[in-house]
Amino acid sequence: MLYWLSGLAQGGDVFNLFRYITFRAGGAFFTALVFGFLFGQPLIDLLRRKQKRGQPIRDDGPQSHLAKAGTPTMGGLLVLSALLVATLLWARLDNPYIWIVLFVTYAFGLIGFADDYAKVTRNSSRGLSSRMRFLLGLFIAALAGWMAAEVHPAALSGRLAFPVLKNALVDLGWFYVPFAMVVIVGSANAVNLTDGLDGLAVMPVMIAAGTLGVIAYAVGRTDFTDYLGVHYVPGTGELFIFTSALIGGGLGFLWYNAPPAAVFMGDTGSLALGGALGAIAVVTKHEIVLAIVGGLFVVEALSVIIQVLYFKRTGRRVFLMAPIHHHFEKKGWAEPQIVIRFWIISLILALIGLATLKVR
């Protein structure tokens with residue numbers, strides 16, 4: 001919205017700053033951060049009053065989690081509110097990629113909100129049926145994949161790009177939309193599975209978002225794409241503003257989610273933010289890089305899949321408990337130890353993902 005102030009610029013005056021994505025990204029970051037600090041405690045107080053018993057705790061989980069009973073959930077509302085305000089304020093609203101990513105983020109956020117609401121009103125760890133969540137997610141992702149294919153340049157539309165192999169493009173044809181569905185729904189659910197310890201999911205999400213934001217900025221500039229040898233996707237640079245706002249809002253939330261958490265993100269936040277990462281990867285043509293940058297989420301999801309399939313086949317478990325962060329809890333690792341080590345892994349994977357931009 002504030003981009004339009006650039007129309008008032010007379011040469012090098014202050015209004016000219018609003019032309020620059022980097023300036024507006026900084027504005028979005030601080031707007032979301034301040035929003036989180038200002039409204040975090042009032043939101044937590046409201047959630048406590050409305051939810052009474054807080055998020056239901058699974059009785060088959062680690063015993064240490066029973067002490068968290070009564071902690072309110074739906075804290076993802078704080079991140080999503082800060083993200084929306086900052087993005088609408090600082091991004092160019094005539095950019096189609098901004099609207100695609102916003103659509104995916106808040107549509108998945110609505111699914112998560114409905115799931116959280118069902119849990120707290122029934123005082124049960126069971127919310128919406130997994131089938132309902134999955135089908136709704138597929139529908140949202142299908143729309144997003146189709147919209148992305150429509151707005152991509154003709155040379156890239158419906159095609160899959162590969163990291164390192166700079167000139168390689170595979171025309172997926174009508175398979176592109178199902179592929180985009182897998183990326184977006186998979187990302188949303190992988191982040192959702194990771195959100196099981198205080199602060200565990202939000203920091204890796206911010207790290208992945210920051211990495212994808214840098215990639216979005218790079219592939220949206222011809223000078224960078226020529227130097228890096230990657231495909232030019234005009235307009236994606238505006239997503240750097242979205243990811244900066246996500247990081248600001250995420251830090252504001254982490255202030256209250258740091259152990260011991262005063263509020264949980266809930267499916268409201270984890271599904272929305274995971275969907276956002278998937279959508280950004282799709283519109284920037286870096287779907288495969290997302291699997292590297294978000295490798296922690298991939299491992300968390302795979303641990304559940306492996307556990308379920310192996311148990312059905314043999315009646316035995318590969319892990320003491322899945323997702324894998326619970327396995328380490330069962331082995332005696334302290335919760336902060338798991339969280340910080342997983343953060344470190346996420347940062348390493350993000351750096352590897354960025355390195356693929358320059359490897360030839």
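Note that the coordinates shown come from a computational prediction; the quantities given were computed from them, not determined experimentally.

(A) Main features of the overall build of the protein chain. Scanning the protein chain from N- to C-terminus turns up 13 helices and two strands. Relative to the 2.2 N^0.38 estimate, which gives 21 Å for 360 residues, the radius of gyration of the protein chain is 20 Å and therefore close to what a compact globule would have. Here the C-alpha coordinates of the protein chain stretch approximately 60 × 45 × 35 Å along the principal axes. Within the protein chain, the fraction of its 360 residues that count as buried is 53%. Considering only residue pairs separated by 6 or more positions, the protein chain has 74% of its internal contacts joining residues 24 or more positions apart. Just so you have it, the protein chain exposes about 16100 Å², and 68% of that area is on carbon and sulfur atoms. Between the centroid of the 28 positive side chains of the protein chain and the centroid of its 19 negative side chains there is a distance of 6 Å.

(B) Here's a closer look at unusual backbone geometry. A cis amide bond links Pro259 to the next residue, Pro260, at an omega of -10 degrees. Residue Pro323 follows Ala322 across a cis peptide bond; omega there is 0 degrees. Mapped onto the secondary structure, Pro323 falls in the loop between α11 (295-314) and α12 (324-330). Not every positive phi belongs to a glycine, and Met74 is a case in point at roughly 70 degrees. With respect to the helices and strands, Met74 occurs in the loop between α1 (21-51) and α2 (76-90). Its relative accessible area of 5% is what places Met74 among the buried residues. Although it is not a glycine, Lys285 sits at a positive phi angle of roughly 65 degrees.

(C) Up close: the packing of aromatic side chains. A full pass over the atoms with the stated rule returns twelve aromatic pairs. When the ring of Phe29 is compared with that of Phe30, the centres are 5.0 Å apart and the planes differ by 80 degrees; the resulting orientation is edge-to-face. Residue placement shows Arg221 over the ring face of Phe224; its charged tip is 4.6 Å from the ring centre. When the ring centre of Trp333 is taken as origin, the NZ or CZ atom of Arg341, which lies over that ring, is 4.7 Å away.

(D) Structural view of the nonpolar core. Grouped together as the largest cluster of nonpolar side chains are 89 residues, with contacts concentrated most on Phe108, Leu239, Phe242, Leu246 and Leu277. When residues in this core are grouped by element, the largest group, 13 residues, is from helix α6 (residues 202-219). Not counting residues up to four positions away in its chain, the partners in contact with Leu246 are Leu83, Val205, Met206, Ala209 and Leu273. In this structure, Leu197, Leu296, Ile324 and Phe342 belong to the second largest nonpolar core, which totals nine residues.

Rules used throughout
Residues numbered from 1 in each chain as written. Predicted model: local features only at pLDDT ≥ 70, side-chain atom pairs only at ≥ 80, totals over all residues. Heavy atoms only, no water. Helix = DSSP H or I, 4+ residues; strand = E, 2+ residues; numbered from the N terminus. Rg over C-alpha atoms; globule rule 2.2 N^0.38 Å. Buried < 20%, exposed > 50% of the residue type's maximum accessible area, 1.4 Å probe, protein only. Contact = heavy atoms within 4.5 Å. Areas by Shrake-Rupley, 256 points an atom, 1.4 Å probe, with all protein chains shown as cover. Lys, Arg positive; Asp, Glu negative; His and termini not counted. Charge placed at Lys NZ, Arg CZ, Asp CG, Glu CD. Phe/Tyr/Trp six-rings, centres within 6.5 Å; stacked < 30°, edge-to-face > 60°. Lys NZ or Arg CZ within 6 Å of the ring centre and 35° of its normal. Core = buried A, V, L, I, M, F, W, Y, C linked by side-chain atoms within 4.5 Å.

As far as function goes, none of this settles anything; it's purely spatial.
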